[in-house]
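# Analysis of the macromolecular model
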Amino acid sequence: MSECFCFQRFVDEKWQPTGIAELLEVMEEIIKDVAPPLIEEDLVFFWRVFVPLHKPNTLHLYHEQLVRCIVQFLVKEATLTGPLVLYLLKHWPKTCTCKELLFINELEEILQYIYTSECKLVQEPLFKQLARCISGSNHVVAKAALQFCIKKHITHFISDNAEEILPIVLPALYQCSNSQLYESVKHILTDYLPQLLMMNPELFAHCIEQILTTRRKEQLRSKASEKMWMKIEALAKSKTQDGG
């Protein structure tokens, strides 16, 4: 179909995104009328046409319309959700703040449709990526990732899988609390950490103990390194004076 051709040419040949948002709005109405279950042709269209539209850096110009189309697919075939989450994580933007924010917002939206049986498939890579965002140097992305985590359906997701997720998330939250970002997110952490504690108090305490133990080891290594460099500095000064 001509729409498919336009989308593929846009992605492959880096066309200007003129009209892409409007075309996606038309496609949304068409997809709404597709009766489940989806046939093979529909699934191929999803993976080969819609999903690659995440790649261009102009995503922000049509992302809202794209997500609405994708949601229509997920409503009819929820088993697409897990693989789509993995696709987004695999193609996570490394240097584009705008796209990172769009990806975080999209994950929040589509995870509402994931089957419980698929949670195990995505939880580790998903929360490792969120942990990198939270503990990273980009304050805007870190704050967005934190706000993602406190959403009600995400909190339930974490609670149901606390044994796997808390050990991933808590170190990132600790690092965030010791960064320059803390002042802008302390209100979130103040409310959020007690929620995580109540999910599994014993596990929470164990994670915190491990975090603090690691922190103490790092401080000892740092002090040892500092002493070594102070000795080298003193030796360099003495050699300079001897030479003088």
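For the structure itself, look to the data block above.
As the structure is a computational prediction, the values presented were derived from the model and not from experiment. (Residues numbered from 1 in each chain as written. Predicted model: local features only at pLDDT ≥ 70, side-chain atom pairs only at ≥ 80, totals over all residues. Heavy atoms only, no water.)

Each helix and strand in the protein was counted, giving 12 helices and 0 strands. Reading the secondary structure of the protein in the N-to-C direction produces α-α-α-α-α-α-α-α-α-α-α-α. Over its C-alpha trace the protein gives a radius of gyration of 24 Å, far above what one expects of a compact globule, namely 18 Å for 244 residues. The principal-axis extent of the C-alpha atoms belonging to the protein is close to 85 × 50 × 30 Å. Put simply, the protein has 244 residues, and 42% of those count as buried. Element-wise, carbon and sulfur atoms account for 55% of the exposed surface of the protein, whose accessible area totals about 14,100 Å². Within the protein, one finds 26 positive and 30 negative side-chain charges whose respective centroids are separated by 12 Å. (Helix = DSSP H or I, 4+ residues; strand = E, 2+ residues; numbered from the N terminus. Rg over C-alpha atoms; globule rule 2.2 N^0.38 Å. Buried < 20%, exposed > 50% of the residue type's maximum accessible area, 1.4 Å probe, protein only. Areas by Shrake-Rupley, 256 points an atom, 1.4 Å probe, with all protein chains shown as cover. Lys, Arg positive; Asp, Glu negative; His and termini not counted. Charge placed at Lys NZ, Arg CZ, Asp CG, Glu CD.)

Further remarks concern a nonpolar patch on the surface. A cluster of nonpolar side chains, namely M228, W229 and I232, defines an oily patch on the protein surface of about 320 Å² accessible area. In this fold, W229 is placed in helix α12 (residues 201-243). (Patch = residues over 30% accessible without salt bridge, like charges linked within 9 Å, V, L, I, M, F, W, Y side chains within 5 Å. Salt bridge = Lys/Arg side-chain N within 4 Å of Asp/Glu carboxyl O.)

Our focus in this paragraph is the nonpolar core. Core analysis: the biggest nonpolar cluster contains 73 residues, and L24, F50, L107, F127, I158, L173 and L196 have the highest contact counts within it. Excluding residues within four positions of it along the chain, I158 makes contact with F127, C149, I165, L166, Y192, L196 and M199. (Core = buried A, V, L, I, M, F, W, Y, C linked by side-chain atoms within 4.5 Å. Contact = heavy atoms within 4.5 Å.)

As a further point, take the packing of helix α5 (residues 81-90) against helix α6 (residues 97-110). In the contact formed by α5 and α6, the axes pass within 11 Å of each other and the chain directions differ by 170 degrees. Relative to α6, the element α5 is oriented roughly antiparallel. Along its contact with α5, which presents T81, L84, V85, L88 and L89, the element α6 presents F103, E106, L107 and I110. (Axes fitted to C-alpha atoms, helices over the stretch in contact; angles between N-to-C directions. Parallel < 35°, antiparallel > 145°, perpendicular 65-115°, else oblique.)

This part is about the side chain of E100. Within the secondary structure layout, E100 lies in helix α6. Within the buried set, E100 has no salt-bridge partner at all; the shortest N-O distance to an opposite charge, 8.2 Å, is to R132. Among all residues touching E100, those that are not within four sequence positions of it are W92, P93, K94, C133 and V141.

Time to look at the pattern of salt bridges. By the definition in use, this model includes 6 salt bridges. Note that E64 and R68 form a salt bridge whose closest N and O atoms lie 3.2 Å from each other. Linking E64 with R68, this pair stays in helix α4 (residues 63-76), spanning 4 residues, or about one helical turn. With a relative accessible area of 54%, E64 lands in the exposed category. Classification of R68 by relative accessible area gives partly exposed; the value is 28%. Here the salt bridges share partners, and the residues they tie into one network are E28, E29, K32, E64 and R68.

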